[in-house]
Each structure stands twice: as structure tokens, then as C-alpha cells.
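Observations on chain architecture
Here is how the chains run, residue by residue.
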Amino acid sequence: MTAAVHRLLVPDDPPEAAAVRAFVASGAWRDAASFQRLATRNPRYEVYAFDLPGAGTPCILKIAQAAPAGHRGARRLEALVSHLAHDPARRALRGARLLAQNGLPTFRPLACWTARRGGFFRDSFFLYAQISARHSLKDYKLGTTGLPPAENARAFDALIAPLAELVAGLHRRGLRHDDLACGNFLVDADGRLHLIDVDHVRAVRLRHPRWLKRFRDLNDLRRLDLDDVRLDVFLRRYLGADDSPGWRRAFAFWRAGGNRPFRWLRRRLGLRRASGR
């Protein structure tokens, strides 16, 4: 089984390192039927939960398919090219370590590797320790936490300030996430937020002048899907002393599609309807 595993990377610092190596060598990860499959909206990924043999640590195994069967035509080719150029599991491991090194809460990465599962191209495997979280921020947004509506709304409101502090801290440290949607923040039992879906986390190269970095940082907020009232609270806390109509307009530019200028221009001219995302 070990001969079929490629590009195995196991960080030395987790206490589960030996158990992780034994798990990968055993090939038990090939029999996903024995794990609990978790729902995911992206057909490119398969996500499983299980306890790591020999350690008992609750883990998540996220498998990125090289050529997703759920994609068709050009989209499938685009996913394949991206997969081959940038191994998503390795990027996620590096992103999680980068966040941890900067004191930002996320999951503990345990291993990544690639392997064939019947197809010509190798799929990408990412193993990490599960966060003990009750809900995501999206659950509060949708009111699916199981709390009474008024209590859910109060709890959601109380999370906006920590959310702004977490994102501001991310940007102060010269990092960006690229998908700061509510579904990518988990809330643990103590009410602490944790960032997930970290395969696009990166350190920015341009940090000066400060105003230009701020402008680019606001692009990182374009997918933050808060309602208008909570978004206003978030921006006031996130921008702090820099809060001004000018920076609000810069954020609105990115949110309207400024990172794709031709699409943005078509929307401004009324040639394309805005996405419902």
C-alpha cells in the first residue's frame, strides 16, 4: 500500500505523527465506507469523519478529486489543471500552518498525500484534527442552530465583533484567506471562531504603501455574506479609525465584482445580472 502513496507530508510536531504514518501505511483510508461521510456542496470533494486508529483523535479526511465526476466539460478541465498545478491538500496544510504560526485559530493539520483511486490522475488527501465545534457562523445566519429565533439572533450579533477582530488580525499579519464566507468560520463550545477551508491562505507580498494594502485587503472580504446591518457593525469594527465613506466605497467595489473588472463593468452597464451568492 505504501508504494501507492505519493508526496506524503506528515508534520513532526503533532503528538499523533506516528499514528498518522501507520494509518497512511495501512491503506485504511482507501476504505472510506467505514468512515462517516459529511455533506459538502462542492462535488470536487469528499469529506469523512473518523477517529484516528492508535490515537483516538477525531479527524477529518478531505479528498480532492483530480477530475471531479460532478463537473462537466471546461469546468472539469479547469479543475484538473488547477489540481495538477497546485496540490490542494498540500496548500491546505501550508495554509493551516501559516495561520497557526501567526496565532490565528484553525484546525491542526496532520498529513497530506496523493494517490490513485482507479483513475489516471492522483487524487489529493488531506488529514486534519477535527475542531470541537457546535456550529458554523452560517448556521447562525440561517437560524439552524436549534436556538429560539431571538436567542439565535443575539448569539449571532455577539459573534460579529470577534469575527471582525479575527479578520483584522489576519490582515494585520499580512495574510489573506480568499473565501471569508460565513460557512468557513466554525464556532466552538466557548464561542471562539476558527477559520477553515484554508487552501488559499497566503502571505501577501505588497505591504506598502499602507493605503494600497488596505485596498487589497478589502478584496478579501468580498464573500463575507452578512446582512446589511451586521455588515455595517463588522466594517466599523474591522476598519476602526480608518472607517470612512471612501473605504466603504472601496469595499463595495470589490463586493460588486471588482476583482473581475469586465464582469463588474457588464453589471454596471446592466448587461449582466448580479449573482445571487
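Preceding block: the structure.
To keep things clear, this report deals only with the structure shown in the data block. (Residues numbered from 1 in each chain as written. Predicted model: local features only at pLDDT ≥ 70, side-chain atom pairs only at ≥ 80, totals over all residues. Heavy atoms only, no water.)

Considerations on the overall build of the protein
For the protein, the count of helices and strands is nine helices and eleven strands. For the protein, buried positions account for 45% of its 277 residues. Taking as baseline every contact in the protein between residues at least 6 positions apart, the subset at least 24 positions apart corresponds to 61%. Accessible surface computed for the protein: about 14800 Å², of which carbon and sulfur atoms make up 53%. (Helix = DSSP H or I, 4+ residues; strand = E, 2+ residues; numbered from the N terminus. Buried < 20%, exposed > 50% of the residue type's maximum accessible area, 1.4 Å probe, protein only. Contact = heavy atoms within 4.5 Å. Areas by Shrake-Rupley, 256 points an atom, 1.4 Å probe, with all protein chains shown as cover.)

Some words on the pairing of strand β5 (residues 109-115)
Within β5, seven of the seven residues are buried, which leaves the element mostly enclosed by the surrounding structure. Note: strand β1 (residues 6-9) against β5, two bridges, orientation antiparallel. Looking across to β5, one finds that H6 is bridged to T114. In the sheet, β5 pairs with strand β6 (residues 123-129) via six bridges, with the strands oriented antiparallel. (Pairing = 2+ DSSP bridges.)

Description of the pattern of salt bridges
Scanning all chains against the criterion turns up 21 salt bridges. A salt bridge links R176 to D217; the shortest N-O distance between them is 2.8 Å. Of the two residues, R176 sits in strand β8 (residues 175-176) while D217 sits in helix α6 (residues 210-219), which places them 41 residues apart along the sequence. Judged by its relative accessible area of 8%, R176 falls in the buried class. One network of salt bridges, with partners in common, ties together D232, R236, D243 and R248. (Salt bridge = Lys/Arg side-chain N within 4 Å of Asp/Glu carboxyl O.)

Re the sheet that holds strand β7 (residues 133-136)
Pairing within the open sheet is antiparallel, and its three strands lie in the order β7-β9-β10. Two strands bound the open sheet, and with one partner strand each, they are β7 and β10 (193-195). Each neighbouring strand pair of the sheet contributes to a mean axis angle of 35 degrees, computed without reference to strand direction. For strand β9 (residues 185-188) and β10, the ladder comprises three bridges, and the chain directions are antiparallel. Note on β10: the bridge partner recorded for L186 is H194. Taken strand by strand, helix α5 (residues 149-172) contacts β9 and β10, and its axis lies near 40 degrees from that of β10. (Axes fitted to C-alpha atoms, helices over the stretch in contact; angles between N-to-C directions.)

With respect to the sheet that holds strand β4 (residues 58-64)
Pairing is antiparallel across the open sheet formed by six strands, whose spatial order is β1-β5-β6-β4-β3-β2. Where the open sheet ends on each side, the last strands, each with one partner, are β1 and β2 (36-38). For this sheet the average axis-to-axis angle between neighbouring strands, irrespective of direction, equals 20 degrees. Of the strand pairs in this sheet, strand β3 (residues 45-51) and β4 are connected by seven bridges, and their pairing is antiparallel. Note that in β4 the partner of V47 across the bridge is K62. Contacts between helix α1 (residues 17-26) and the sheet are confined to β1, β3, β5 and β6, with β5 contributing the most and set at about 20 degrees to the helix. Each of β1, β3, β4, β5 and β6 is contacted by helix α3 (residues 88-101), which is oriented at about 165 degrees to β5, the strand it contacts most.

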